[in-house]
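This is what each chain is made of:
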Amino acid sequence: MLKRFGTSALAVLTVLGACSGAWASAAGGAIKNPAANWQHLWDEMLLDITIIGVVFALIIIYLLIRYRRTQPDQEGNPPVLSLAAQHAWVLIPVFLFMADDLFLAARGWNLWNDYRSVPAGSYEVELKAQMWSFNFKHPNGVEESGTLHVEAGKPVVVRMTSADVVHSMFIPDFKVKEDSMPGRVTYLWFYPEKSGEHVITCAEYCGMMHSGMHGKVIAMPKDQFQAWADAEKAKIATANAEGGKS
Amino acid sequence: MSAPAQAGFGKVLKEWIFTCDHKRVGILYLIGSLAAFLVAGLMAMLIRVELSSVGPTLTANPGTYNVWLYFHGAAMILGFQIPALTGFLANYLIPLQIGAKDVAFPRLNALSLWLFWMGIVLALLTFVIPDPPDFMWTAYPPYSIISSGNTAFYTFTVLIMGFASIAGGVNLITTIIYMRAPGMTWSKLNMFVWCTFAAFIVQLIFVPVLGTAVTMLTFDKYLGTTFFSPGSGGDVLLYQNLFWFYSHPAVYVILLPFLGIVFDVVATFARNRVFNYKAAVYGAIAVALMSGEVWIHHLYASGMPDWIRIGMMISTILISVPVGVMMISLVGTLYRGAIDFKSPMLWALGCMFLFLIGGLTGIPNAMSAIDLHIHDTHFVVAHFHYVMAVAGTFAVMAGVTYLFPKMFGKMCNEGISKLGFVVTFIGANVTFFSMFFVGLQGMPRRYFDYQQFPQFQGLNQLITVGAFIMALGFLIVLISWIHALVAGKKAVDNPWGSRSLEWTTSTPPGPGNWAEVPDCTNFDPYGYGSNK
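These numbers come from a predicted model, not from an experiment.

**Digging into the overall build of chain B**
Regarding its fold elements, chain B presents 17 helices and two strands. Rg of the C-alpha trace for chain B: 23 Å, near the compact-globule value of 24 Å for 532 residues, within the 12% margin. Here chain B holds 532 residues, and the buried ones make up 61% of them. In chain B, of all internal contacts separated by at least 6 residues, the share reaching a separation of at least 24 is 84%.

Below is the structure:
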């Protein structure tokens, strides 16, 4: 009994610890990459559910071996639970499960806040999804479809809507997705810390070519990105000028 | 010689078609739901073959593949799982377990059965009509409104099935409340009766909401209303909220009866009392009460307000508490039992194992922040197959194998049955455990192709191999049933040595179940052992 109490007390302390951790980390100024924190919380939670699963499975296997029937007409010898024991068998597990649940919920809430709080000074892109492409618009007016060029080392926020049906912008490498739909503007943000290419893919069923709706985030060093953006803008200017002439 | 045999067959057929006997209604539910299971299972095989390589494999037309997916999901949930658990098992078992001669409204029961069969026929016509629905069982607008797939067809199938389950729910709730045998108090009910009672209440509250949602969808598509059309003041997310307001509780309509039958099978084969029975009953009621407060976890990535995504993250995680209490009762039922590993027990234990993995992998899905990565990926597909789809199927298998001697008076061959279980169990785990990994790496669900992720081909092939092993397992099970019907040994009245009331009837039970209504004053469905 004392041992059980000890475990519960430990769990409660862990919850309190997690909450205070959340408050402490909110004070920090650096950009917290949700993808990195996702991995951290995932590892923690995987350990948690693995322990619960293994403990349950081992208990079941032990009981199955220990209490297998040896004579054909053998019957069980069920324990008689006192009223106190009946309540204890509910209250103690409920207390333990809730402690673990609330601990995980607090950690999840903390990470959720990271996912939903866009850092100041993020690079803001508009997305208009349609069957079956991702169409991005940069702040300087440059538009591109499928690919999204961004600057490495700067957080990117995508404000999104859809031209037709519900789509979902999913970037597995950045562990983030959000649906885009007509009539609402939703958002997600991600933090491409290094240059590289990352698949964007549609995660909400949108008809025939749903699985063919994909593209890439291309994160480039600052100067290269600037050169790309300027070149693209110049192309628009040239096209406009030529359009004006004709 | 042949003429009298034919007349005999015609008479039997007529008896079955016009039957109001709850046992026959139950068996007819079983046949209908198995038909849906077989066709939807075939669709699963086609899906797996298609995904076994990058690029088109079986068909070059994604539209065809999408119809397979639609049919697999819709038929497995609405045509197999819910009817097999709340139609077949509930109809067959509940009157027998509470000591009633039949259900409260036998004719209404026949009506719900034939409505269900109409739904099954309509669903199967998907493969005949020129414009089969291709918008998945969820039918989210705007796609389901602009799709060339037949939305009305989907709506009518759902409405007919829904009407059948409302009628069935009213009937069995009334039966449980008013038709218990003398002395059969609420605290003597089998776990299956309690769990199904809770499931039917959930069903009655939430099915009308699904009916409303799909009706509004049809109005939008064919009659020009704009409930879900933002261009004219409607809202896309309204449908998703209405749909999941029903469809998440529907998961508990499946979960509760399947836990109920697993409780009864485990108690019978461990010849033991359900551990802390009252806690398990309150657990089932708590699950039913909480089932309507968690639906936003299907919309974590759908742009709902942050406060409700957090609120329902907490309620979703907390629903593990009553489920955990039920699991402790279930595991505790093994403690100091006398466990016999007959085939129904193996299915029930297999179900417990699958449910354990499925339940625990529900926790990452429940956590909204973690879910932003795994939402709508194969991780979720693996999770819900573990927790509901395959675990539920294992429970149905446990139920059918358990009741087989009572239903047909024949015993299944233990060897074939056990082989079927082992093969299915291996196949299910190869399939769905691998699916966790491919999902975790980012493979979205409902994909015809994955050319952007060529690295997933190996895992997808492993999953396909697992699916074929599982299909082989179910085939062996089917053979064991047919073998038993044709050449099975005659069953005695109570072959498992159960204390539960349904085994006190003759085998198979005649109309009215007992010659006289049983007196349950000194009855205890779990009264095993020396210290009763």
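**Looking at the overall build of chain A**
Looking only at helices and strands, chain A features four helices and 10 strands. When the helices and strands of chain A are read in sequence order from the N terminus, they spell out α-α-α-β-β-β-β-β-β-β-β-β-β-α. When the 246 residues of chain A are sorted by exposure, 30% land in the buried category. When contacts within chain A are restricted to residue pairs at least 6 apart in sequence, long-range pairs at least 24 apart make up 70% of them.

**Points about the nonpolar core**
Residue and element names in this part refer to chain B. In terms of nonpolar packing, the biggest core is built from 237 residues, with Leu256, Val262, Cys351, Ala391 and Ala398 touching the most fellow members. Per element, the largest residue contribution to this core is 23 residues, and it comes from helix α3 (residues 62–98). Once residues lying within four places of it in the same chain are set aside, the contact partners of Val262 are Leu330, Ala348, Cys351, Met352, Ala395 and Ala398.

**A closer look at the domain arrangement of chain A**
Reports often express the size of an interface as the amount of accessible area lost when the parts come together. When cut into domains, chain A gives domain 1 (2–67 + 84–116) and domain 2 (123–237). Tallied by class, the residues present in the side of domain 1 of chain A that touches domain 2 of chain A amount to five nonpolar, one polar and no charged.

**Side note on the pairing of strand β8 (residues 186–190) of chain A**
Residues and elements named next belong to chain A. Judged by how many residues are buried, β8 sits mostly within the fold: four of five residues are covered. Where strand β5 (residues 156–162) meets β8, five bridges bridge the pair, whose relative direction is antiparallel. Residue pairing for β8: Val157 is matched across the bridge by Trp189.

**Some words on the interface of chain A and chain B**
The interface is formed by 69 residues belonging to chain A together with 68 residues belonging to chain B. Those elements that place two or more of their residues in the side of chain A that touches chain B are α2 (34–66), α3 (83–116), β6 (167–171), β7 (176–180) and β9 (196–202) of chain A. In terms of residue count, the dominant contributor to the side of chain A that touches chain B is α3 of chain A (16 residues). For the side of chain A that touches chain B, the per-class residue count stands at 42 nonpolar, 15 polar and 12 charged.

**Comments concerning the sheet that holds strand β2 (residues 133–137) of chain A**
All names here are of chain A. Overall, mixed pairing links the five strands, which are arranged β3-β2-β1-β5-β8 in an open sheet. Across the chains shown, the open sheet's two edge strands, defined by having one partner strand only, are β3 (143–145) and β8. Averaged over all neighbouring strand pairs, the angle between strand axes comes to 25°, with direction disregarded. Here strand β1 (residues 123–130) runs beside β2; their pairing, made up of five bridges, is antiparallel. Opposite Glu126, over in β2, you have Lys137 as the bridge partner.

**Digging into the confidence of the model for chain A**
Residues and elements named next belong to chain A. Of all residues in chain A, 87% have pLDDT values of 70 or greater, and the mean over the chain is 88. Per-residue pLDDT stays below 50 along residues 1–6; that stretch engages in one contact with residues further than four places along the chain or on separate chains. Under a pLDDT of 50 for its full length, residues 16–28 has, in the predicted model, six contacts with residues more than four places off or in other chains.

**A closer look at unusual backbone geometry**
Residue and element names in this part refer to chain B. In this structure, the amide linkage connecting Pro141 to the following residue, Pro142, adopts the cis form with an omega of 0°. Relative to the helices and strands, Pro142 resides in the loop between α4 (106–124) and α5 (143–146). In this chain, Thr507 is followed by Pro508 through a cis amide linkage whose omega measures -15°. Relative to the helices and strands, Pro508 is located in the segment after β2 (489–490). Of note in the backbone geometry, Arg271 takes a positive phi value of approximately 40° without being a glycine. On the secondary structure map, Arg271 appears in the loop between α8 (236–269) and α9 (277–290).

**Quick look at helix α10 (residues 306–318) of chain B**
If you check α10 of chain B, its first and last C-alpha atoms are 19 Å apart, about what 13 residues at 1.5 Å a residue would give, namely 18 Å. Check the buried side of α10 of chain B and you find it contacts α3 of chain A together with α11 (320–332), α13 (362–366) and α14 (368–374) of chain B.

**So, the confidence of the model for chain B**
Taken as a whole, chain B shows an average pLDDT of 94; of its residues, 98% reach a score of 70 or greater. The ipTM value of the predicted complex is 0.91, and its pTM value is 0.92.

Basis of the calculations
- Counting restarts for each chain, with residues numbered from 1 along the sequence as it is written.
- Chains carry letters from A onward and ligands carry numbers from 1 onward, assigned in written order.
- The model is predicted, so local features are restricted to residues of pLDDT at least 70 and side-chain atom pairs to those at 80 or more, both for listing and for counting; the totals for chains, interfaces and linings are taken over all residues.
- Put simply, DSSP marks the helices as runs of H or I at least four residues long and the strands as runs of E at least two long, and each gets a number from the N terminus on.
- This radius of gyration counts C-alpha atoms alone. The globule rule is 2.2 Å times how many residues there are, raised to the power 0.38.
- Counting other C-beta atoms within 10 Å of its own, a residue is labelled buried from 20 upward, exposed at 12 or fewer, and partly exposed in the gap between, with every C-beta atom placed from the backbone.
- Once C-beta atoms are placed from the backbone, any two residues with those atoms within 7 Å are in contact.
- Joined through C-beta atoms within 7 Å, a set of buried Ala, Val, Leu, Ile, Met, Phe, Trp, Tyr and Cys residues constitutes a nonpolar core.
- Bear in mind that the domain bounds are from an automatic or database domain assignment.
- Residue polarity follows a fixed list, in which Ala, Val, Leu, Ile, Met, Phe, Trp, Tyr, Cys and Pro are nonpolar, Asp, Glu, Lys and Arg are charged, and the others, Gly among them, are polar.
- A strand pair is defined by DSSP finding two or more bridges across the two strands.
- Convention adopted: a line fitted to C-alpha atoms gives each axis, helices being fitted over their contacting stretch, and angles between N-to-C directions are expressed from 0 to 180 degrees.
- Values of pLDDT, ranging from 0 to 100, describe the predictor's confidence in every residue of the model.
- What a helix should span is 1.5 Å times the count of its residues minus one.

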